[in-house]
Amino acid sequence: MIDQYNRDINYLRVSVTDRCNLRCKYCMPKEGLSQIGHNDILRYEEILRVVRAGVRLGISKVRITGGEPLVRRGIVDFIARLKSIPGLADISLTTNGVLLKQFADDLFSAGIQRINISLDSLNKEKYAAITRGGDLNAVLAGIREADRVGFAPIKINTVAIKGFNDDEILTFAARTIDKPYQVRFIELMPLGHVGGDNRSKYLSNDVVTGIIRQVYPLEAVNGQRNNVDGPARLYRIAGGQGVIGFISPVSRHFCHACNRLRLTADGHLRACLLLDEEVDLKGPLRGGCSDAELDDLIRQAIAKKPWGHTMIKEERHLRKCVKEMATIGG
Ligand code: SAM
Ligand code: SF4
């Protein structure tokens, strides 16, 4: 469906849970988020109904995210059912990788085509510190298993954090030399309760690129596929097998090309990550709304999609965004 700013809204990110087995410092407070009650989380059946409606209106790609999607029971069967929706061309998943070793094979068989794994440090102690207790070896084993099972490309999402992993940027970049991975550096966004702290640790991708270029010349990757590579600007270290991506929601926001809707874990449609204006779907779904009414609610959400978030210039927009990524679906 084309929105009022002529963007083709064809991509739905679904947060299947706000729960997580990690507590990344920039994402969640240490006690976790106030968790949504079991009954207030959309049931799989309800999510499938929303996705079918989305597909009727032009959604062709779905990303499963969270919280940590692999902690929700029944996730593999749910994905297999998603896969059977006619017209849904692409299903992908974002995970912290902790449980990936045990799930990779089943996810691949269920029909996940692409996988993003979040990893902010390659140092065991630092990884445990930023995630408040995560086990780096589990994630590395998960990545190896994803590789073995056949996921390609494997995308590693690394949030660049000043004073934490700026000294590892070259190490992450160098991983793309002999592995066909796509390592993507993501700018830290000042969201939700931990927003203020994030602001002081923000590192722009211009700085990250500069650090890499001091050691490795970067070649722009031609033929970037907007539908698959999303908002990442892609480069390659000369001769490298993999690709380095830069996702810069703060310094170069990509709102003009944003094709996304988000379905929150508690059943609301959100047209922009950074604006708390949502359309409630759970109430109508549980109240027995018709397919036509559901379609209409999705149209309403798309109509609310703003032109852009102007994250840095307009502080008032930031204050409006009180939800964390884990609830909205990062
Ligand atoms: N738990 C899964 C994971 O970590 O991959 C999926 C959900 S997580 C919210 C999705 C992505 O959002 C992760 O790559 C995480 O690093 C990123 N993220 C969370 N908070 C962020 C923030 N404030 N700024 C930038 N990225 C953030
Ligand atoms: Fe959990 Fe992902 Fe947030 Fe880390 S970034 S706390 S893994 S939801």
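It should be noted that the structure appears before, not after, this text.
In short, a report on the structure.

How each quantity is defined
Residues numbered from 1 in each chain as written. Chains lettered and ligands numbered in written order. Predicted model: local features only at pLDDT ≥ 70, side-chain atom pairs only at ≥ 80, totals over all residues. Heavy atoms only, no water. Near = heavy atom within 4 Å. Nonpolar A, V, L, I, M, F, W, Y, C, P; charged D, E, K, R; others polar. Axes fitted to C-alpha atoms, helices over the stretch in contact; angles between N-to-C directions. Helix = DSSP H or I, 4+ residues; strand = E, 2+ residues; numbered from the N terminus. Parallel < 35°, antiparallel > 145°, perpendicular 65-115°, else oblique. Left-handed = near helix turned anticlockwise from the far one by under 90°. Contact = heavy atoms within 4.5 Å. Buried < 20%, exposed > 50% of the residue type's maximum accessible area, 1.4 Å probe, protein only. Pairing = 2+ DSSP bridges. Salt bridge = Lys/Arg side-chain N within 4 Å of Asp/Glu carboxyl O.

A word on the site of ligand 2. Every residue lining ligand 2 is accounted for by Cys20, Leu22, Cys24, Cys27, Gly67 and Asn96. Residue composition of the shell around ligand 2, by class: four nonpolar, two polar and no charged.

It is the contact of helix α1 (residues 44-56) with helix α2 (residues 75-83), at a shortest axis distance of 11 Å, that shows an interaxial angle of 25 degrees. By the angle class used here, α1 and α2 are roughly parallel. For the crossing formed where α1 meets α2, the hand is right-handed. Within the contact between the two elements, α1 uses Tyr44, Glu45, Ile47, Leu48 and Val51 and α2 uses Ile75, Phe78, Arg81 and Leu82. Residue composition of the contact of α1 with α2, grouped by class: seven nonpolar, no polar and two charged.

The element strand β1 (residues 11-15) is extensively covered by neighbouring structure, given that five of its five residues are classed as buried. Residues of β1 alternate between two faces, with Tyr11, Arg13 and Ser15 on one and Leu12 and Val14 on the opposite face, all of them buried. Relative to strand β2 (residues 61-65), β1 is paired through five bridges, and the arrangement is parallel. Considered in β2, the bridge of Leu12 is made with Val62. As judged from the four bridges shared by β1 and strand β10 (residues 260-263), these two strands associate in the parallel manner. In the sheet register, Val14 faces β10, and the bridge partner there is Leu263.

Our next topic: the pattern of salt bridges. This model, assessed by the stated rule, comprises 18 salt bridges. With its nearest N and O atoms 2.5 Å apart, the salt bridge here joins Arg81 to Glu45. Of the two residues, Arg81 sits in helix α2 while Glu45 sits in helix α1, which places them 36 residues apart along the sequence. With a relative accessible area of 38%, Arg81 lands in the partly exposed category. For Lys124, the salt bridge goes to Asp135, with nearest N and O atoms at 3.8 Å. Taken together, the positions of Lys124 in helix α4 (residues 124-131) and Asp135 in the loop between α4 and α5 (136-149) put the pair 11 residues apart, joining distant regions of the chain.

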